[in-house]
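Spelled out, the chains give:
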Amino acid sequence: MFLFFLLFSPHLLYILVCLLASYLYLSLIYLRLHIHSLPTVKCDETLAFPLPHTAFTSSSVFSNGYAPGYAKLNRRGGAGGWSPLDSDHYQWLQVDLGSRKQVSAIATQGRYSSSDWTTRYRLLYSDTGRNWKPYHQDGNIWAFSGNSNSESVVRHELQQGIVARFLRLIPLAWSEEGRIGLRIEIYGCSYCECFAFDKHALTVQVKKMKIIKDVIALRFKTSESEGVILHGEGQQGDYITLELRKAKLLLQINLGSNQYGSILGHTSVTTGSLLDDNHWHSVVIERYRRNVNFTLDRHTQHFRTNGEFDYLDLDYELTFGGMPYSGKPVGGGRKNFKGCMESINYNGDNITDLARRKKLDTSSFRNLSFSCVETHTFPVFFNASSFLQLPGRASHNMVSVGFQFRTWNPDGLLLFSNLDEGTLEISLLDGKIVVYINTSNAARNYQVDLSSGSGLNDGQWHAVRLVAKENFAMLTVDGEETSAVRSTSPLSINTGRTYHLGGKMRHVSHSYFLQTLFPPSQHTFQGCMQAILVDDQPADLHAVEKGTVGAFENVSLDMCAIIDRCMPNHCEHGGRCKQTWESFSCTCDGTGYSGATCHTSVYEPSCEAYKHIGKSSDSYWIDPDGSGPLGPFKVNCNMTAITTSAEYCEQQIAYSCRMSRLLNTPDGTPFTWWVGRGSEKHLYWGGSGPGIKKCACGIDRNCTDPKYDCNCDADSRQWREDSGLLVYKEHLPVSQVAVGDTNRPGSEAKLTVGPLRCHGDTQGDEFITIIILHKVLHPLCFCLCFPSAPETVSFSFDVGNGPVDLTVHSAAPLNDDQWHQVMAERNVKEAVLLLDQTYRTSRPAPAQGHTRLELFSQLYVGAAGGQRGFLGCIRALRMNGITLDLEERAKVTPGVEPGCQGHCTSFGMYCRNGGKCMERYNGYLCDCTATAYDGPFCTRDVGGFFEAGTLVKYNFLPEVVAGASKDSKALTKQLTPHEVNLTKEELAFSFSTSSAPAVLVYISSKTQDYMAVVLKQNGSLQVRYSLGGLKEPFSIEVDQRNLANGQPHSLNMSRHNRSISIQLDHYPPVSYTLPDASDTQFNLVKTLFLGKVFETGFVDPVIIERYNTPGFIGCLSRVQFNRAAPLKSALRAATQGKLVESNCGASPLTIPPMSAATDPWHLDNTDALFPFNEERVIPDGVNRDSAIIGGIIAVVIFTILCTLVFLIRYMFRHKGTYHTNEAKGSGESAAESADTAIIGTDNPETIDESKKEWFI
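Residues numbered from 1 in each chain as written. Predicted model: local features only at pLDDT ≥ 70, side-chain atom pairs only at ≥ 80, totals over all residues. Heavy atoms only, no water.

- An unreviewed UniProt entry lists the protein under the name Contactin associated protein 2, with Oryzias sinensis as the source organism.
- The record held by UniProt for the protein lists under Sequence similarities (unreviewed entry) the comment "Belongs to the neurexin family." (UniProt positions renumbered as here; feature names shortened; annotations may be inferred.)

And the structure:
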């Protein structure tokens, strides 16, 4: 079996971990097939039918003919079944099976030939007829569906089999036409007896063992939260211990550690909760080598022990119920188990049966008995509308109350009593116990507040004791007398007649409700109480149950139905579970996931996904399998390919192995290969070369086993590694790795793919490192998602509670030929449907009901039976972190074609500045060829630095260039006729310079038409048009400012017929109009020049005489003329010129205000047509000789300064720094465009790209 691993393809990444983790699963499957277990017999005997009438009891009877003894399935005796006196929620029917039985199913009927039946009921069970436990299923107290008539039989198989002697059915709903009516049958089989442990351990003598596999199974029940259930240890430090800690089950196992401490084998795993409920719990531990299944009540955890040893070395003894004193740290100060155990099996030996037949030495176990001594607790279960009223000793000068409670809620009313002259309240506030005593008399008011404990809403039993008398009060929590809270404040106590626990009755019609001036701070309590003491006397709850004393409402007596909703933890990916009595919530902070159960990744699945949302090259967190088990990791995303222009590329690849072969050298079929660029499979490894099926050690002839060409091919039990560099850049980067030979017992592998590094390229590395680990996969859940209308998407599923439909409505129709994203999620908390990250709907899961979605049919995409098929494209279908390969399936499915197009429809907006969006198989590419920009989204300026004499010549028509430099290379772009004769042009560019005059842009023709943009002597900008019909060119003075100020400036210009629009920098566009005598067609456009004109045809003599010498010195960038980018084409062409690419176009604009002369919004235009030369008038009387001397001195100073400037410019004439972030000389880029660029120069000297710039 081979496994494909794609670095940025999440479903293959997920599968790789699955197959490597399958070693654990297969090992444990092997173990399960070979364990010695008890023979299984079908457990489906009728248990109620043979019972006598006296085995059936009930809460009440309507009349003698309706007695519970007539409640047998399909019997017609008496009135045909059982019916109670009143049809309400306090009725019950109970069956005594005579002894403990294993119960597998239950069936019900209504009362024969009547209108009486039960439509919903709850099942309780017990060993003693007390301390009832409700039947749980899917994490809830389960309510069974009953009958809809009097004759049909409704049978339910129990998913969680129970063992009990007494069963009690509680009707929840019944016939609307009649009353409660029941006939029942119980199905199951007999069950064996158990051990009773009273803090004494049972030691089993065994031979000294070195065990590679273990199977330990037992059942236990206890009311204690601490105690060792099982312990065994060896002289070499191996041990196994199973114990209760804080009512949770803790398994500790150590297969061995070395004396130096470098190998630590201790492994600790915790499971379960609330195991001190005095009900039976089943435990199974299955170990094969280091792989362990730890199962509690059918919930299994899979884990792998630490260290590197496989055997458990035990010495002679295995102890149940405690641990002997050995002097070793593992046994220090632990309590022995107090409770009952049964069905104890150890590696095929039935310890319970051997002890009963006295085949074991049980001398160490005092008072061994095979019956379970029951505790005498009487728990009370409260919900949000419950209360329990107990009588007290009236008019007494001391209050003494106590009780135990457990809850998940941080707040609640525990006890309240109206004193003769005040109130007493004990509440839970923010997880701590608070006591408020308020009393008053004619003289004064007394108030005492006490507080103790913290975090008492942890679901554990906590004891509270309060004693209050005159001028004294003491509060004790959990029996810690040393930390008891005392008060000696003035206090006067005179007790009342009643105490309310778990809530306070609010119906004034009841005689026992008393109005009070001090109402309680809390009003309800959800949880359990037991061991209730009132006035130092245990409360007689049996009498309360019979109705002879006290009162209660909505209270379940003799049971505690607490549920740990965080066990198992439904919060995925390390989310922290918090719960109240009715629900739980997940805290996902710091996990990288979100949602009700931390299921949805907050990161994108790949670099391509970040590119889709407009991100540029950077470091990002990605989560390739989304909601799958692999966590997110950080990568450097390079949005552009880097291997093409690089001189040398390398990528490290390493394969660490233990009993996992690599290339299967010398002659076998490779177990592992990799896939590179072009989806081509390669059979060589790092350190080798194409076509050579060897690893680096095979090339160097230093493999650990010389018979093989790879270290891993020796199939050694020790860890080995084959690693090296892949350097054939045409095959890089590595995109997939196929790994095999990891499914044998004992085989392990770790694959590491390093970063792709290319020399001679300034772009960042793109890398990912993968560690292959054993992970347990989440079960797959599937829901049907389908479009139901042009504006809606529906999500439907049924987990057994009836169909559920969610629908979202879009503001616009969805059949708009655009890509839309749909996310549907269902978990134990809620169902969510999300459309385009905008439209969302959700529905909470029912408080009780089925939660598992079990599907066994094939998955249908695009159509299902009887429904109209989907017409369109579907891509990126992912289910629970696994991306399904729709394309491969489409190749073999009639009517379905692989390959959806349309990335650009959704993401083309990110291609800026005229960039063209190009479709790719799994993404898109921005083609910037026809733009003056570059980069992944066509947003990076392309600019160049011009020295004196440097020019760019861009030919629109074929021409033999005469007098061109021998280093120049002429390329031509052939234009169509409508591109040669223009009636409209668009020109845009940016520039910065400190020299004037200069030619920025000159466009010539084969006629005398031309267009020019020049800087005049004073640095102002001028646009010249000559299209014929005029004696002189039409000139536009764009701005009178000096733009040769070293700052970047931008010009956007367009012409359509006679209308001209020019925008300079950030100022609004200004419109101009060609004279009526001017032609409007630019005929036979020939050549575009940048920096200087070098034309053999007609050139305006004014351009040559005033502006062409010495040429433009500075930066030009993002030059675009219609659809041509001449400067970019020149920089991308493989020419040998003096043009240096520069990033000057990226400099920020720092522009002074526009002059009033050219500002179209300036109101005062007087004198704007003529320059104003201001002269300073010298007043009469000034000495004329002084003026002459001053003039001579000024001339001398000016001459010296000019000489210094000339010398400095000569010394530093080549000091210019212009860096570029793009590689030059890309043959591929040159081939992408047919634009022509000729770079010429009058300066014979070369340019250094790393110069420094000095401006004087």
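1. Some thoughts on the overall build of the protein
Link 1 in the chain: Check the secondary structure of the protein and you find 12 helices and 79 strands.
Link 2 in the chain: Sorting the 1256 residues of the protein into buried and exposed places 48% on the buried side.
Link 3 in the chain: In the protein, the proportion of contacts linking residues at least 24 apart, taken out of those at least 6 apart, comes to 69%.
Link 4 in the chain: Accessible surface, the protein: about 60800 Å² in total, of which carbon and sulfur atoms supply 52%. (Helix = DSSP H or I, 4+ residues; strand = E, 2+ residues; numbered from the N terminus. Buried < 20%, exposed > 50% of the residue type's maximum accessible area, 1.4 Å probe, protein only. Contact = heavy atoms within 4.5 Å. Areas by Shrake-Rupley, 256 points an atom, 1.4 Å probe, with all protein chains shown as cover.)

2. Focus on the state of the cysteines
Link 1 in the chain: The full count for this structure, using the stated rule, is 11 disulfides.
Link 2 in the chain: Between the sulfur atoms of Cys-657 and its disulfide partner Cys-712 the distance amounts to 2.0 Å. Since a negative S-S torsion denotes a left-handed disulfide, the Cys-657-Cys-712 link at about -100 degrees is left-handed. With a gap of 55 residues between them, Cys-657 in strand β48 (residues 648-658) and Cys-712 in the loop between α5 (696-700) and β51 (720-726) connect regions that are remote in the sequence.
Link 3 in the chain: Given the relative accessible area of 2%, Cys-657 is considered buried.
Link 4 in the chain: On the basis of relative accessible area, Cys-712 is assigned to the buried category, the value being 1%. (Disulfide = S-S within 2.5 Å.)

3. Focus on the sheet that holds strand β59 (residues 839-844)
Link 1 in the chain: Spatial strand order, β57-β58-β59: 3 strands in an open sheet with antiparallel pairing. Both edges of this open sheet fall to β57 (822-826) and β59, since each of them pairs with a single strand only. With direction set aside, neighbouring strand axes in the sheet form an average angle of 5 degrees.
Link 2 in the chain: As paired strands, β57 and strand β58 (residues 830-835) are joined by 5 bridges and run antiparallel to one another. Bridge pairing in β58 links Val-822 to Leu-835. (Pairing = 2+ DSSP bridges. Axes fitted to C-alpha atoms, helices over the stretch in contact; angles between N-to-C directions.)

4. Examining unusual backbone geometry
Link 1 in the chain: Between Leu-732 and the following residue, Pro-733, the backbone shows a cis peptide bond with an omega angle of 5 degrees.
Link 2 in the chain: Structurally, Pro-733 can be placed in the loop between β51 and β52 (736-739).
Link 3 in the chain: For Asn-74, which is not a glycine, the phi torsion comes out positive at approximately 65 degrees.
Link 4 in the chain: The residue Asn-74 is located in the loop between β3 (56-58) and β4 (93-109) in this model.
Link 5 in the chain: Phi angles above zero are rare outside glycine, and Ala-531 is one such case at about 50 degrees.
Link 6 in the chain: Structurally, Ala-531 is set in strand β38 (residues 527-534).

5. Digging into the sheet that holds strand β31 (residues 422-429)
Link 1 in the chain: Strand order in this open sheet of 7 strands is β33-β32-β31-β30-β37-β28-β40, and the pairing throughout is antiparallel. A strand with exactly one partner marks an edge of an open sheet, and here the two such strands are β33 (445-452) and β40 (551-553). Each adjacent strand pair in this sheet contributes to an overall mean axis angle of 10 degrees, direction not counted.
Link 2 in the chain: Taken together, the 8 bridges between strand β32 (residues 432-440) and β33 define a ladder with antiparallel strand orientation.

6. Quick look at the side chain of His-281
Link 1 in the chain: Considering the arrangement of structural elements, one finds His-281 in strand β20 (residues 281-288).
Link 2 in the chain: Among the residues examined, His-281 registers a relative accessible area of 4% and is labelled buried.
Link 3 in the chain: Within polar-contact distance, the side chain of His-281 engages the side chain of Asp-297 at 2.8 Å. (Polar contact = N/O pair within 3.5 Å; in protein donor to acceptor, adjacent residues only side chain to side chain.)

7. As for the environment of Ile-240
Link 1 in the chain: With respect to the helices and strands, the residue Ile-240 is situated in strand β17 (residues 239-245).
Link 2 in the chain: Among the residues examined, Ile-240 registers a relative accessible area of 4% and is labelled buried.
Link 3 in the chain: Separated by 78 residues in sequence, Ile-240 and Leu-318 place their C-alpha atoms 9.4 Å apart.
Link 4 in the chain: Residues contacting Ile-240, with those up to four places away along its chain left out, are Ile-216, Leu-230, His-231, Gly-232, Leu-251, Gln-252, Ile-253 and Leu-312.

8. Considerations on the pattern of salt bridges
Link 1 in the chain: Evaluated as defined, the whole model comprises 31 salt bridges.
Link 2 in the chain: Where Arg-111 meets Asp-116, a salt bridge forms, and the shortest distance between an N and an O atom there is 2.6 Å. Pair check on accessibility: Arg-111 and Asp-116 agree, each one buried.
Link 3 in the chain: Of the charged contacts in the structure, one is a salt bridge between Asp-214 and Arg-287, with a shortest N-O distance of 2.7 Å. (Salt bridge = Lys/Arg side-chain N within 4 Å of Asp/Glu carboxyl O.)

9. A closer look at the pairing of strand β42 (residues 576-579)
Link 1 in the chain: Direction of pairing for β42 relative to strand β43 (residues 584-587): antiparallel, over a ladder of 4 bridges. Its bridge partner being in β43, Cys-577 is matched across the sheet by Cys-586.
Link 2 in the chain: Taken together, β42 and the strand that follows it, β43, pair antiparallel across an intervening segment of 4 residues.

10. As for the packing of aromatic side chains
Geometrically, a pair of aromatic rings is defined through the distance of the ring centres and the angle of the planes.
Link 1 in the chain: Per the stated rule, a full pass over the model turns up 18 aromatic pairs.
Link 2 in the chain: Through pairs of rings, three or more aromatic residues link up here, namely Tyr-121, Tyr-135 and Phe-144.
Link 3 in the chain: The ring of Phe-797 has Arg-826 sitting right over it, with the charged end atom 5.9 Å from the ring centre.
Link 4 in the chain: One residue, Lys-829, lies across the ring of Phe-584, its end atom 4.8 Å from the ring centre. (Phe/Tyr/Trp six-rings, centres within 6.5 Å; stacked < 30°, edge-to-face > 60°. Lys NZ or Arg CZ within 6 Å of the ring centre and 35° of its normal.)

11. Observations regarding the layout of surface pockets
Link 1 in the chain: Considering only enclosed or pocket space, the second largest pocket measures out at about 1200 Å³ in volume.
Link 2 in the chain: Around the second largest pocket, the lining comprises 31 residues; the ones closest to its centre are Arg-122, Phe-381, Asn-383, Val-555 and Ser-556.
Link 3 in the chain: Mapped onto the lining of the second largest pocket, the elements with two or more residues apiece are β5 (118-126), β8 (140-141), β10 (154-174) and β41 (556-557).
Link 4 in the chain: Take the lining of the second largest pocket: its biggest share by element is 3 residues, from β10.
Link 5 in the chain: By residue class, the composition of the lining of the second largest pocket is 16 nonpolar, 10 polar and 5 charged. (1 Å grid on protein atoms, 1.4 Å probe; cavity = no way out; pocket = protein on both sides within 12 Å on 5 of 7 lines; lining within 4 Å. Points joined across faces, edges and corners; volume = space filled by probe spheres on them. Nonpolar A, V, L, I, M, F, W, Y, C, P; charged D, E, K, R; others polar.)

12. Re a nonpolar patch on the surface
Link 1 in the chain: The grouping of Ile-1188, Ile-1189, Ile-1192, Ile-1193, Val-1196, Ile-1197, Ile-1200, Leu-1201, Leu-1204, Phe-1206, Leu-1207 and Ile-1208 at the surface amounts to a nonpolar patch, some 1100 Å² of accessible area in total.
Link 2 in the chain: Along the chain, Ile-1193 turns up in helix α11 (residues 1184-1211).
Link 3 in the chain: Owing to a relative accessible area of 47%, Ile-1193 belongs among the partly exposed residues under this scheme. (Patch = residues over 30% accessible without salt bridge, like charges linked within 9 Å, V, L, I, M, F, W, Y side chains within 5 Å.)

13. Topic: the confidence of the model for the protein
Link 1 in the chain: Confidence along the protein averages 78 in pLDDT terms, with 78% of residues attaining 70 or more.
Link 2 in the chain: Ranking the elements of the protein by mean pLDDT puts strand β1 (residues 3-6) last with 32 and β3 first with 94.
Link 3 in the chain: Note on residues 1-40: pLDDT under 50 across the span, and 117 contacts to partners over four residues away in sequence or across chains.
Link 4 in the chain: Confidence drops under a pLDDT of 50 for residues 1214-1256, and excluding neighbours within four residues, the segment shows 105 contacts in the predicted structure. (pLDDT = per-residue confidence, 0-100.)

14. Quick word on the environment of Glu-308
Link 1 in the chain: In this structure, Glu-308 sits in the loop between β22 (299-304) and β23 (312-314).
Link 2 in the chain: Relative accessible area serves as the criterion here: at 48%, Glu-308 is assigned to the partly exposed category.
Link 3 in the chain: When the C-alpha atoms of Glu-308 and Gly-265 are compared, they prove to be 7.5 Å apart, with 43 residues separating the residues in sequence.

15. What to know about the environment of Ala-48
Link 1 in the chain: Tracing the sequence through the fold places Ala-48 in the loop between β2 (45-46) and β3.
Link 2 in the chain: Overall, Ala-48 belongs to the buried group, its relative accessible area being 0%.

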